[in-house]
Structures are given as structure tokens and as C-alpha cells.
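# Report on the structure
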Amino acid sequence: MDATSGWLGGLEIHSTALLAIASPNGFRHYLKMQYADQTFKGLYHWNLFDASLLIPYFAVMILLSIYGIHRYSLCYQYFKFRKNYDPNPPQRFGELPRVTVQLPIFNEQFVIDRLIEAVCAMEYPRAKLEIQVLDDSTDETQAVASAIVERYAALGEPIVYIHRSNRHGFKAGALDAGLKVAKGELVAIFDADFVPPSDWLMKVIHHFAEPDVGMVQTRWTHLNRDYSMLTQIEAILLDGHFVLEHGARVRSGKFFNFNGTAGMWRRQAIVDGGGWQHDTLTEDTDLSYRSQMAGWRFKYLPEVECPAELPIEMTAFKTQQARWAKGLIQTSLKVLPEVFRSKSPWRNKVEAVYHLTANLSYPLMVIMSALLLPAMICRFYQGWFQMLLIDFPLFTASSFSIAVFYLMSQRELYPRTWKKTYYYLPFLMALGIGLTVTNSKAVMEALFGIKSSFVRTPKYRVAQKGEKSQAAKYRKRLKLAPWIELLLGLYFFLAIVYTFSNQNYFTAPFLILFVIGYWYTGLMSLLQGRFERWRSRGASTEESSPKPYPVGV
């Protein structure tokens, strides 16, 4: 999944550019200082120290701007090729094919009943439907899931329970093990936090009547979008990915990826792509590229929605984002050489580079953060006109593209209420800055070949604001990263103090984004879950339900 990949590329806002704009006499003042008033001529001289700071600084800004320009390109392609999309299948099956629904789970004690209930309520001929619960759990989920499966099977549902004791290959291994015994020629996949609607299969199935279609992806929606500020921002980020990224790539005929869930595969497309492989943390994107290079065509249906639960805690969100960031870089190292050797059109190869390498923006952001204050000082003494001439185009190419990208996606989805997105944009950008520490670590691990296990995103089964989490036992904490984030926030706070001491007030609002971003992610990572204990006056929340979750149908 690359719900947030590349969207951080433009967060290198250089406020001195707007300082130049704020001065209506900037250009006239520049001409006067350069050609009329010679009082301060020669006061500032370019030197090696400045060059050693500004050359890498501008190199990073240019690279980030390239990803920002690509965001503009996606917006343009989305509308340019709008007529290429038809939500209706061009042909329909005379006789429905056999379908296998796979439900890969791992320690999902509190949501598994909701998932199985939704899948068993799906409309499809039972004689041609098979449901596999692929359980790798190591806790009470085994008893919960197996009991629920037994009850639904007794009611006549075509459901089976498959448990593995070794977790070999993690999710990819579970899907592969299930596929070996699956009976369906088409395979739908849903993660544990999804609740597919009853008509989902019937809306998707007929698109496979075209014999060259290998996979159909549907759009994620959000069960708990209004739970908190964090879930609101997560929803906007995912909407941008599912509306503009997927939409632009599909409409312009480029490769795009299966998102790991809420999609359906043709079994032969999985086989021709080399099957599920577990040498990356994004097995879905890996297989997507291999299958499309094998000649299969993918479709995306934004009108078909599948609601899911968003992470409600900062650590869970950061864990999810780090896994996606690391997995996409691993996938880029693995499949990009194959993509360039393939006979795919050149436009597909270029787009694959943008898509799979976008998370390199995270370590670039770390470098930019370290250089921002000294570079700002150097640029301040060079003069406003130079800042306007160089910095403002880079700002427009990168940072402004974030606002355009997410505003356009919200306008497409919510034409009546999209303007409220303006309220969330500063917080979205601040959160993006705050993710740089954990995601940079993940990207560097991928580049240096450091392997790690598939870390699941905890599912808390909460939908309404103020609702108490049932799954505190699955909460994990990050040890060092939050403290680094707090120190970085302090660094930028001191930078704000410095700018005020130099009466450079226009830079402060943009530095505040860095302070808010790092302090918000750091503090929420350290304090997450403790709020519940304080509200409960110290009562333990380590186990919300000491017994397995009720298994009644």
C-alpha cells in the first residue's frame, strides 16, 4: 500500500520566499541597492561554508520538487483521461464463476466476528462460493475464529477455518497456503478491519467477464473517519491515494497496485505473476507489478466502496506507515530492474519509478530539516530578491502541490463539503513532517537490506467519538523515535526564537509546522493509551476482555 507515499515530498516549505512576496517594494529595493545605493556593497560575499550548506540544501529541495511536480501531473492526468473510465462492465457472465473469499487474520480477536458476519451476508450463489478464514493467530483469536466458523458452517455457509502454526511468509504465506487448496477461479481478499457490503461481489464479478482482466480493486472508505483529528487526516491521505493516484494511473493506462484488501484477483493472474512472495513487506504491490508485466490488465472501481477501520492511535498509524514505506522501497529494489527490462511502454516505467521510490522523500526530509535553519540564515543575508527568484518556484512545485492534490481529491468525493479540508491541511502537513523519523528509519532499513517481520496494524473496533477501545492488549510502543521527535521539535522551536530575535516574523508560521508535527507525533506516541488509564483512575486496560470475545452469531 502507498496511501501516503510521496505526499511528504513537498513539506520543505521555505518561508523566506513568502517574506519576499510580502514586500511590495522588494524588486524596486533590490535595484536600488544593487545599482544606486552602494553603501553596503561588498558586505556579503559567497564563501565555501555557505556553498557547503546551500548546495546539498538545494539539491534536496530540487529532488523533493520533482516529486511535487509529479503530483501536479497526476491531477492533470486524472482529468485529461476522465473519459477513459466506464464503471459498467462491457460484458457480463452468462453463468457466474466459482469464487473464493480469503480472510487473512492475525490476532484479530475483537473484529473477526464483524468481518465473518459481513462476508457471510454477501450475495452470491452458495454453491459457487467458498470462504477461507486464514488464521495465523497466536492468542485467543484461534478459539474465537474457529468457533464462529463452526457456527456459520452449521448454518450452511461455505466457510472453512485454516490455521497455521509457523506464520511462514506472514500474510503472503497465509494467502499462498490458502490458494493451494482454494476451489475458486477468482479470489477476493479482505483484511480483518474491513466490512464489505452485501452487494460487493456482484458489483465486481462481471468485470472479470473480460478475459484479460487480472485484478479489480475497489475504493476504501472509513468506518471511523470522524473519531478524531488523526482519523480525519488519515482519511484525507487515503482518499488522495484512492481518488487521484489510482484514478490517474488507471485512466492513463499505467500500472497501478492492488492494495492488499478489498480487491479480487483472477487466480491465473496470481500464478502468472509468480505467486505470493514474502521477500518484501508489501507483497500486494510486488505481485501487482509482476502480474501486470505478465500481460494482465487491472481495473479500479472507485464507485464500489468497502468500509474499513482507521488506526486510532499514533503508534499504530506510524507502524502502518513505516511498513508501507519500507515495503515499497523493497519492492522498488526488487521489481524496477524487471520493469525496465520488460516490454512495457516507457511511460509505465517512468511512473513505476515515481510510484515505488516516492518514500525516499522521508530521508530527504531529514536532511532538509537539519539544513533548514543554517540555510535560512545564509539565504536571509543574500537578499530577498534571490529568495524570490529561486525559493518561490521550488515552493510552488513542491509544497503547494500537496494542498492542490488533497483538495482536489476531497472535491471529487465531497463536492458540497470539500472546503472544510482547508482546515485540516496545516495539520496534515505537520503530521507528515512528524512521520519522517520512523519512516526514514524504515526506508534506510530497506536500502541496506535489513529484514524485519510483518508488523500488523492493531484493530481497536471503535467507530464513534469517545468510544473506548477494546483491544488495548495489542497496543505497542516505540522506544527511541518519540524522544528524537521531541528533540527535533525543540530544535525548530529554538529556530523560531532565533527568527523573532532577528525580526524575521514571516518565517515563524512555517517553522511552527515542524514544531507541531514533531511534538504531536512524539507526545502522542508516548502518551497514547495513558489517557484511558487516567480516565479510569488507574484501572488496568491491558486486557479489555480477559475471556475470548463472544462468538454468538
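Up top is the structure.
What comes next concerns the included structure.

Analysis parameters
Residues numbered from 1 in each chain as written. Predicted model: local features only at pLDDT ≥ 70, side-chain atom pairs only at ≥ 80, totals over all residues. Heavy atoms only, no water. 1 Å grid on protein atoms, 1.4 Å probe; cavity = no way out; pocket = protein on both sides within 12 Å on 5 of 7 lines; lining within 4 Å. Points joined across faces, edges and corners; volume = space filled by probe spheres on them. Helix = DSSP H or I, 4+ residues; strand = E, 2+ residues; numbered from the N terminus. Nonpolar A, V, L, I, M, F, W, Y, C, P; charged D, E, K, R; others polar. Buried < 20%, exposed > 50% of the residue type's maximum accessible area, 1.4 Å probe, protein only. Contact = heavy atoms within 4.5 Å. Core = buried A, V, L, I, M, F, W, Y, C linked by side-chain atoms within 4.5 Å. Pairing = 2+ DSSP bridges. Axes fitted to C-alpha atoms, helices over the stretch in contact; angles between N-to-C directions. Salt bridge = Lys/Arg side-chain N within 4 Å of Asp/Glu carboxyl O. Expected span 1.5 Å × (residues − 1).

### Here we look at empty space enclosed by the protein
Inspection of the entire model under this criterion finds 6 cavities of 30 Å³ or more. The space that makes up the largest cavity amounts to roughly 570 Å³. Lining the largest cavity are 41 residues, and of these Lys171, Asp191, Arg323, Phe454 and Lys459 lie nearest its centre. Sort the elements by how many residues they give to the lining of the largest cavity and helix α11 (residues 314–341) lands first, with 5 residues. Looking at the lining of the largest cavity, its residues break down into 21 nonpolar, 7 polar and 13 charged.

### Comments concerning the environment of Met215
Residue position: Met215 is located in strand β5 (residues 213–222). Met215 sits in the buried class, given a relative accessible area of 0%. In the structure, Met215 is positioned 43 residues away from Phe258 in sequence and 7.6 Å away in space, judged by C-alpha atoms. The residues touching Met215, leaving out its near neighbours within four places in the chain, are Phe208, Phe256, Asn257, Phe258, Met264, Trp265, Arg297, Phe298 and Lys299.

### Some words on the nonpolar core
In this structure, Val101, Ile116, Trp200, Leu201, Met264 and Trp265 are the most contacted members of the largest nonpolar core, which totals 65 residues. Looking at this core element by element, the count peaks at 6 residues for strand β7 (residues 297–308). Those residues in contact with Trp200 that lie beyond four places of it in its chain are Met122, Ala188, Phe190, Thr218, Ala262, Gly263, Met264, Val304, Glu305 and Cys306. Within the second largest apolar cluster, 30 residues are counted, among which are Leu230, Phe317, Leu425 and Leu428.

### Examining the sheet that holds strand β1 (residues 99–105)
Hydrogen bonds between backbone atoms are what pair the strands of a sheet, whose relative direction is either parallel or antiparallel. Here 7 strands make up an open sheet; going across it, the order is β3-β2-β1-β4-β6-β5-β7 and the pairing mixed. Strands at the two margins of the open sheet, each flanked by one partner only, are β3 (159–163) and β7. Neighbouring strand axes in the sheet, compared pairwise and without regard to direction, differ in orientation by 20° on average. Judged from the 4 bridges that link them, strand β4 (residues 186–189) and strand β6 (residues 263–266) form a sheet pairing that is antiparallel. When the bridges of β6 are listed, Ala188 appears paired with Met264. Here helix α8 (residues 229–251) sits on the sheet and contacts β5 and β7; the angle it forms with β5, its principal contact strand, is near 155°.

### Some details on the pattern of salt bridges
Two side chains bearing opposite charge may form a pair once their charged atoms approach each other closely. Per the stated rule, a full pass over the model turns up 21 salt bridges. Where Arg164 meets Asp136, a salt bridge forms, and the shortest distance between an N and an O atom there is 2.7 Å. Residue Arg164 is found in the loop between β3 and α6 (170–181), and its partner Asp136 is found in the loop between β2 (129–135) and α5 (141–154); the two are separated by 28 residues along the sequence. Considered together, Arg164 and Asp136 belong to a single accessibility category, that of buried residues.

### Regarding helix α18 (residues 508–527)
Here α18 is 20 residues long and its end C-alpha atoms lie 27 Å apart, about the 28 Å a rise of 1.5 Å per residue gives. Residues of α18 that are buried: Ala508, Phe510, Leu511, Leu513, Phe514, Val515, Gly517, Tyr518, Thr521, Gly522, Ser525 and Leu526.

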